[in-house]
Amino acid sequence: METLYKSTRGKKEVKSSEAILNGICDDGGLYVPINFPNIDKSFDELSKLNYKSLAVYVLKKYLSDFDEKDIRDSVDKAYDEKFSEKLIAPINKKGEAYFLELYHGPTLAFKDMALSLLPYLLKTSCRKLKINKEIVILTATSGDTGKAALEAFSQVEGVKIIVFFPENGVSDIQKRQMITQEGDNTFVIGINGNFDHAQSGVKEIFNSKELNSSVNDKGYILTSANSINIGRLLPQIIYYIYSYAQLVKNKEIESGENINIVVPTGNFGNILAAYYAKNMGLPVNKLICASNENNVLTDFFNTGIYNKNRNFKVTISPSMDILISSNLERLIYEISNHDEEVVKDIMKKLIFFGKYELGSNFREKLKDFYAGYVEDRDCLKTIKDLYEDTGYLIDTHTAVAYKVYKDYKYKTKDLTKTVIASTASPFKFTRAVCNAIGIDSDESDDFKVLKDLSLYTNLQIPKALESIYIKNILHKKNCNKKEMKMVIKEILNL
Ligand SMILES: *Cc1c(COP(=O)(O)O)cnc(C)c1O
């Protein structure tokens, strides 16, 4: 059956290629699939597929206007030697859970899982729609999307990529990775502000009729590599199904047995992909939404009230320092039984008051989820304890997930087997990880911290990080939120 897409705020239906190419709907809403396709093979069968074949199986269901050959070619190019692990997303039983390692791609965070594929999806969409324009990718990043998108698009012909990141809201390594990015088609700009400023600035640009028309006049087409683009979310469904199939294959679970999935959450993209997988028939008991001290989502799931009016905190899990989780709009669309008016009303309230409350009839539908949060201190202790008990090193984001899971298990006594989305390499958040396991890093420069961590743990520094300290800094631009539009006009010569 064909999968079509529509806006969370409107009724017009489009094909997958249009949804991917547009990125965001012109009514300000986000594209959602009208129906969820079903997993129509047994998990025993699926467990025989490697990552790429499973990717083709899942994507075929969502990219109805793509040829199977296009999908297969794209998948082959996306999941090649850029990934340092043959399995692409290996699963590792440690401590009390199964860690699904999503960070073996070129930039060491799970964003590579989708962004390695997105350029090919965009190019194919252009071809399908017979559009012959240069693509401009506009992206706001809390640290990891930016580098993953730069890496994915830097070599792609007919594409320019512009990334805005919060100047003081990313880790040293994240920043260094971005500002040393090579490629004439890459533009990296620091924002004086936090991720929410960067993201809302980008959304305003997408919604600006004036800017869009001058962009079009110049022969460009503007789109997004953020998880507001459905082309970012679809590839993320694959690895949840893959993790389940691996557990069946390894005889850790019976086919059909429920699992829990824990996701360290910021923009609500990754956990939404798990929810989509559940809607396709993946046997999931609870989806556990783990936050750091920017715990708007914890409060939302526990009270039905979303309230972003609170202090923004800079934490040691910076990729989750977010107060406006864009993809929650897609969940609200689902739990409101696809009622665009409800979504519009709620999003209006969010803009005017920074706050909204769900009706009790909708709250009932949140019971697929459990939510909790962790303070930095407990996050560090979780890294230390797991490392000392098992020798397994996790990053700060993954540690937030693991700790929320342990709290959940203690509280509920739920013994369902549980998968933790392990979203970044510990080497990407070196300083915090060093502090956690007792390596003194205060006096050292960033590169020395990396080397110290490697020496102490006997783990190799990932190749992708070895070179960033000898590379030149190529991007030095910095601006205020108000100036973002102007910066884009400069870059595109509008
Ligand atoms: C982006 C990111 C997250 C949050 O993912 P969302 O899809 O925004 O919820 C968590 N951990 C890491 C390491 C990330 O890069």
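Residues numbered from 1 in each chain as written. Predicted model: local features only at pLDDT ≥ 70, side-chain atom pairs only at ≥ 80, totals over all residues. Heavy atoms only, no water.

Caption draft 1: Seen up close, the sheet that holds strand β8 (residues 186–191). With respect to topology, 5 strands assemble into an open sheet ordered β9-β6-β7-β8-β16, the strand pairing being parallel. The sheet terminates laterally at β9 (220–224) and β16 (478–479), the two strands that pair on one side only. Where strand β6 (residues 134–140) and strand β7 (residues 159–166) come together, 6 bridges link them in parallel fashion. The residue of β7 that forms the bridge with V136 is K160. Its contacts with the sheet put helix α7 (residues 144–153) on β6, β7 and β8, and the angle it makes with β7 is roughly 165°. (Pairing = 2+ DSSP bridges. Helix = DSSP H or I, 4+ residues; strand = E, 2+ residues; numbered from the N terminus. Contact = heavy atoms within 4.5 Å. Axes fitted to C-alpha atoms, helices over the stretch in contact; angles between N-to-C directions.)

Caption draft 2: Region of interest: the environment of D378. Summarising the element assignment, D378 is placed in helix α17 (residues 376–390). Overall, D378 belongs to the partly exposed group, its relative accessible area being 31%. (Buried < 20%, exposed > 50% of the residue type's maximum accessible area, 1.4 Å probe, protein only.)

Caption draft 3: Geometry of the state of the cysteines. Applying the stated criterion across every chain, the model contains 0 disulfides. For the unlinked cysteine C25, the closest cysteine sulfur is that of C126, found at 17 Å. Residue C25 is classed as buried on the basis of its relative accessible area of 3%. Left without a disulfide partner, C379 is nearest to the cysteine sulfur of C434, which lies 14 Å away. (Disulfide = S-S within 2.5 Å.)

Caption draft 4: Molecular detail of a nonpolar patch on the surface. Residues I351, F352 and F353 make up a contiguous nonpolar surface patch of about 420 Å² in total accessible area. Relative to the elements of secondary structure, F353 occurs in helix α15 (residues 340–353). We classify F353 as exposed; its relative accessible area is 56%. (Patch = residues over 30% accessible without salt bridge, like charges linked within 9 Å, V, L, I, M, F, W, Y side chains within 5 Å. Areas by Shrake-Rupley, 256 points an atom, 1.4 Å probe, with all protein chains shown as cover. Salt bridge = Lys/Arg side-chain N within 4 Å of Asp/Glu carboxyl O.)

Caption draft 5: Broad picture of the sheet that holds strand β1 (residues 5–7). Strand order in this open sheet of 3 strands is β2-β1-β3, and the pairing throughout is antiparallel. Two strands lie at the open edges of the sheet, namely β2 (13–14) and β3 (31–33), each paired on one side alone. Inspection of the sheet shows β1 paired to β2 by 2 bridges, in the antiparallel sense. Bridge pairing in β2 places K6 opposite E13.

Caption draft 6: Spatial organisation of the pattern of salt bridges. Counting across every chain of the model gives 37 salt bridges. K128 is paired through a salt bridge with D70; the nearest N and O atoms lie 3.5 Å apart. In this pair, K128 is assigned in helix α6 (residues 118–128) and D70 in helix α4 (residues 68–78), connecting sequence segments 58 residues apart. With a closest N to O distance of 3.2 Å, E134 and K160 form a salt bridge. Taken together, the residues span a long stretch of sequence, with E134 in strand β6 and K160 in strand β7 at a distance of 26 residues.

Caption draft 7: How the structure looks around the side chain of D70. Note on D70: relative accessible area 11%, which makes it buried. With residues up to four places along the chain from it excluded, the contact list for D70 reads T124, R127 and K128.

Caption draft 8: Summary view of the site of the ligand. For the ligand, the set of nearby residues contains 15 residues, the closest of which are K111, D144, G266, N267 and N270. The contact in question runs from an oxygen atom of the ligand to an N or O atom on the backbone of G266, over 2.8 Å. The residue inventory of the shell around the ligand, partitioned by class, reads 5 nonpolar, 8 polar and 2 charged. (Near = heavy atom within 4 Å. Polar contact = N/O pair within 3.5 Å; in protein donor to acceptor, adjacent residues only side chain to side chain. Nonpolar A, V, L, I, M, F, W, Y, C, P; charged D, E, K, R; others polar.)

Caption draft 9: View of the nonpolar core. Counting 113 residues, the largest nonpolar core has F153, I237, Y240, I241, F268, L282 and L331 as the members making the most contacts within it. In terms of residue count, helix α11 (residues 230–249) provides more of this core than any other element does, 13 residues in total. Contacts of I241, omitting those with residues within four sequence positions, involve I39, F43, L46, L54, V58, A277, M280 and L282. In terms of nonpolar packing, the next biggest core, distinct from the first, is built from 39 residues, I288, I383, Y405 and V449 among them. (Core = buried A, V, L, I, M, F, W, Y, C linked by side-chain atoms within 4.5 Å.)

Caption draft 10: Structural view of unusual backbone geometry. Positive phi, normally seen in glycine, also occurs at L108, with a value near 70°. Along the chain, the position of L108 falls in the loop between β5 (97–101) and α5 (111–115). A relative accessible area of 7% means that L108 is categorised as buried. Of note, the phi angle at K251 is positive, near 60°, even though the residue is not glycine. Residue placement: K251 occurs in the loop between α11 and β10 (259–264). Among the residues examined, K251 registers a relative accessible area of 73% and is labelled exposed.

Caption draft 11: Representation of the packing of aromatic side chains. Summed over the entire model, instances satisfying the criterion amount to 18 aromatic pairs. Summarising the aromatic geometry, the rings of F300 and Y356 are spaced 6.2 Å apart at their centres and angled 75° between planes, so their arrangement reads as edge-to-face. Pair noted here: F300 is in helix α13 (residues 296–303) and Y356 is in strand β13 (residues 355–357), with a separation of 56 residues, a long-range link. The class for F300 is buried, based on a relative accessible area of 0%. Judged by its relative accessible area of 3%, Y356 is buried. A centroid spacing of 4.7 Å and a plane angle of 65° characterise the contact between Y370 and Y408, whose relative ring orientation is edge-to-face. With Y370 in strand β14 (residues 369–373) and Y408 in helix α18 (residues 396–412), this residue pair connects regions lying 38 residues apart in the sequence. Through successive ring pairs, a cluster of aromatic residues spans F268, Y275, F300, F301, Y306, Y356 and F369. Across from the ring centre of Y410, 4.8 Å away, lies the NZ or CZ of K413, which sits over that ring. (Phe/Tyr/Trp six-rings, centres within 6.5 Å; stacked < 30°, edge-to-face > 60°. Lys NZ or Arg CZ within 6 Å of the ring centre and 35° of its normal.)

Caption draft 12: Up close: the packing of α7 against helix α8 (residues 172–179). Axis separation between α7 and α8 bottoms out at 9 Å; the angle between their running directions is 30°. Comparing their axes, α8 and α7 come out roughly parallel. Where α7 crosses over α8, the handedness of that crossing is left-handed. Contacts from D144, G146, K147 and L150 of α7 reach α8 at Q174, Q177 and M178. (Parallel < 35°, antiparallel > 145°, perpendicular 65-115°, else oblique. Left-handed = near helix turned anticlockwise from the far one by under 90°.)

Caption draft 13: A look at helix α10 (residues 209–217). Those residues of α10 that sit buried are L211, N212 and V215. Here the buried residues of α10 occupy an arc of 100° about the axis, which is enough to place them on one side. Facing away from the buried side of α10 by more than 90 degrees, the exposed set consists of K209 and D217. On its buried side, α10 packs onto α9 (195–207), β9 and α22 (484–492). Immediately beyond the C-terminal end of α10, within one or two residues, lies G219, with a positive phi of roughly 90°. (Arc of directions from axis to C-beta.)

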